[in-house]
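# Tertiary structure, described
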Amino acid sequence: MAADTRYDVVVVGGGHHGTIIACYLARAGLKVGVFERRIHFGGGATSGRGPAPGFLMNYCSHWTRFYGHPAYRDFNLQVEGLHYVFPDENEGMIFEDGSSFVGYSAFKVVDHATGRQEYSQPNVDRTYQQIKRFSQRDADTYLDLLEKYSRYWKPAFGRHRFTPPPPWGTPDPLEELVGRPETGIEPVHQFMTLSQLAYDFFESPELRTLFMRAASTSTGCFGDDVIGLQGLIHVLPLVLSFEAGAIAIGASQSISDALVAAGKKLGVEYFSQSEVDEILVSGGKATGIRLKKGGTIAADIVVSGLGLPQTVLRLMRSVRVNDRIVHRLKNIHYDRGQLFWVNAALHEPPRYAAADTNPAVGPQPRLLWGPKDPDYLATRYQPEIYLKGHADRVYAFTSVDTLWDPSRAPAGKHLVGVEEFTAPRRLFSSAQWGDIKESFKTKLIDQWQRYAPNMTRDNVIAINVIGPDNIENMHPDMVEGGYSEGSTMASQLGRFRPIPELSGYRTILNNVYTCSSNLHSGSGIGRGSSLNCFRIIAADLGLDPDAARGKQAVSAAAG
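Owing to the predicted nature of the structure, the values given are computational and were not obtained by experimental measurement.

Cut-off values and rules
- Residues numbered from 1 in each chain as written.
- Predicted model: local features only at pLDDT ≥ 70, side-chain atom pairs only at ≥ 80, totals over all residues.
- Heavy atoms only, no water.
- 1 Å grid on protein atoms, 1.4 Å probe; cavity = no way out; pocket = protein on both sides within 12 Å on 5 of 7 lines; lining within 4 Å.
- Points joined across faces, edges and corners; volume = space filled by probe spheres on them.
- Helix = DSSP H or I, 4+ residues; strand = E, 2+ residues; numbered from the N terminus.
- Nonpolar A, V, L, I, M, F, W, Y, C, P; charged D, E, K, R; others polar.
- Pairing = 2+ DSSP bridges.
- Axes fitted to C-alpha atoms, helices over the stretch in contact; angles between N-to-C directions.
- Polar contact = N/O pair within 3.5 Å; in protein donor to acceptor, adjacent residues only side chain to side chain.
- Contact = heavy atoms within 4.5 Å.
- Phe/Tyr/Trp six-rings, centres within 6.5 Å; stacked < 30°, edge-to-face > 60°.
- Buried < 20%, exposed > 50% of the residue type's maximum accessible area, 1.4 Å probe, protein only.
- Lys NZ or Arg CZ within 6 Å of the ring centre and 35° of its normal.
- Core = buried A, V, L, I, M, F, W, Y, C linked by side-chain atoms within 4.5 Å.

## Considerations on empty space enclosed by the protein
Using the criterion set out here, one finds six cavities of 30 Å³ or more in the structure. Computed from the structure, the largest cavity encloses a volume of approximately 60 Å³. Along the walls of the largest cavity sit Ser218, Thr219, Ile227, Gln230, Gly231, His234, Thr488, Leu493 and Arg527, which together make up its complete lining. Listed by contribution, the elements that provide at least two residues to the lining of the largest cavity are α6 (205–219) and α7 (228–239). A total of three residues in the lining of the largest cavity trace back to one element, the largest contributor, which is α7. Taken together, the residues that form the lining of the largest cavity break down as two nonpolar, six polar and one charged.

This is how it looks when you write it as structure tokens:
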């Protein structure tokens, strides 16, 4: 890097949102530099050496559907090396009494290059029959919700995810559904807790249990939390397998690698092991960045891929900030979304006893197992986790990705990704976290054998458990070790995320923006905060967000 290096835009942080927005900014004709603290780009979408030699594991994000993000098509990421497998089987759950449920993708991906989907009546029929085995009412509810999803929820959710939140008083795309009988979304649904929603939509303990545990995976929330319309309309289609499940070949790192490859073709310059220490400010605007290892980089615009607390309170520490904003930034709620990310190297994949009565059980990319007890999830699951570090009864979310991607393990061996919820990092000391992870390993294998008798210790080559202490160390924005970068409960969603005063991707300086998951539309590799941030920047600069029109307005807008 030359001493006089200057960019139209510098992106602070090369996480997945930093790599997404860099591509859009470069496509618009801007000179872009991305500066990342770690050696690898991708943030939560990174992978590396597994629990044993020859295994490739994900460190954080695992169940990705990036094929649904506009960037997948806009930058032809399949050509850049991002390939997905789309099994018909989707979300399923095995219960302690041997019963089970398997869902099939109602919308199948038929064009791998674009992610285009088509409705599959055979898969809908199979899911209907699976549910009908334990509840005719819930099977009919499935068909009714699928029709409402297809006509109303799906287009609204797409607009909601990939557009900035409107101001208070202007309904967002999901709020526009409320109170219209044909949509099935009632006003009360905005305010119901997770457990209330489970009991309101379903009668069977099977789907109530699955909904509550799957909702925890997708929102980080527990039974008594209000997940809002965003949580509801996100979770229901996953639980009922409306959308296609997917496995990224080469693990989650392949998403980040494809984005970086696309960015390089557009002229983006990437710098790893280049932590940003400060955003430089002069005359009331940002003028560039200072690197922790020394040196400054000039820029007309700074985009931070870090959360607002890091961006405003640390990187912009020379700027006077309103006391109210400081107070609220210091009090963002982070106590949800803490997980044990488990990677288990196995001699053979789990063979579930439930397959004796439901032969479809096993090869699901999103397979849960746990007791059929929605009341336990509603009342005791979280308290036990917060007191002990893990619940007494395991509710594991699993995927044997090597069934579809054998490249991630030695020949004939398998790797299982598992996630289960744990407590905020601060509730236990470093030594206690070490003991808790060992205890969880033992409990996981002991209880797994109840569902898959071959999951003995002899079948396990090695297990790696990443906890909140590890996550917070790797990703400082994941405060308390939670994946959501700020709890995704109703009070921290949309126009309130993470605080109402700074929810629109602009910050306290008019040429500093933030694209982090800390903002709408929240956590998840395929969420829209980076694309939404780009659209705000494009509007401020007078650029066409959907075309490469050059940088004619940059200097004037930055001033």
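## Looking at the sheet that holds strand β6 (residues 89–95)
Strand order across the open sheet formed by seven strands is β7-β6-β16-β17-β18-β15-β19, with mixed pairing between neighbours. In this open sheet, the two edge strands, each paired with only one partner strand, are β7 (100–104) and β19 (460–466). Across the sheet, the axes of successive neighbouring strands diverge by a mean angle of 20°, strand direction being ignored. Across three bridges, the pairing between strand β16 (residues 366–370) and strand β17 (residues 396–399) is antiparallel.

## Considering the side chain of Thr217
Within the fold, Thr217 resides in helix α6. Reaching out from Thr217, the side chain makes a polar contact with the side chain of Glu419 at a distance of 2.5 Å. Discounting residues that sit within four places of it in the chain, Thr217 has contacts with Phe397, Glu419, Phe421 and Tyr483.

## Structural notes on the packing of aromatic side chains
On inspection of all chains with the given rule, the structure shows 28 aromatic pairs. Residues Phe35 and Phe271 carry aromatic rings whose centres are separated by 4.8 Å and whose planes lie at 15° to one another, so their mutual orientation is stacked. With Phe35 in strand β2 (residues 32–35) and Phe271 in strand β11 (residues 269–271), the pair connects residues that are 236 residues apart, well separated along the chain. For the pair formed by Phe35 and Phe271, the shared burial category is buried. When the ring of Trp168 is compared with that of Phe496, the centres are 6.0 Å apart and the planes differ by 40°; the resulting orientation is tilted. Highlighted residues: Trp168 in the loop between α4 (136–161) and α5 (194–201) and Phe496 in the loop between α14 (468–474) and β20 (512–514), separated in sequence by 328 residues. Ring pairs connect the aromatic residues Phe222, Tyr376, Tyr381, Tyr386, Tyr395 and Phe421, which therefore count as one cluster. The ring of Phe107 has Lys154 lying over it, and the distance from NZ or CZ to the ring centre is 4.2 Å. Positioned above the aromatic ring of Phe95, the side-chain terminus of Lys372 is 5.4 Å from the ring centre.

## Observations regarding the environment of Glu275
When you line up the elements, Glu275 lands in the loop between β11 and β12 (276–282). Once residues within four sequence positions are removed from consideration, Glu275 is found in contact with Glu36, Arg37, Leu291, Lys292 and Arg314.

## Side note on the nonpolar core
Phe211, Leu240 and Trp448 are the most contacted members of the largest nonpolar core, which has 103 residues in total. No other element matches the nine residues that α4 contributes to this core. Contact partners of Trp448, with chain neighbours within four places excluded, come to Pro350, Tyr352, Trp369, Thr398, Val416, Val418 and Met455. Residues Ala22, Val260, Val326 and Leu519 belong to the second largest nonpolar core, which totals 80 residues.

## Points about the layout of surface pockets
Here the largest pocket defines a volume of roughly 1000 Å³. Forming the walls of the largest pocket are 43 residues, and the residues nearest its centre are Arg65, Arg161, His234, Gly526 and Arg527. Among the elements of the structure, α2 (70–74), α4, α6, α7 and β15 (339–346) are those that each provide at least two residues to the lining of the largest pocket. Taken together, the residues of the lining of the largest pocket break down into 16 nonpolar, 18 polar and nine charged.

## As for the pairing of β16
A large share of β16 lies buried, amounting to five of its five residues. Burial along β16 is two-sided: Arg366, Leu368 and Gly370 and Leu367 and Trp369, pointing in opposite directions, are all buried. In terms of strand pairing, β6 meets β16 through five bridges, oriented parallel. What sits directly across from Glu91, in β16, is Arg366.

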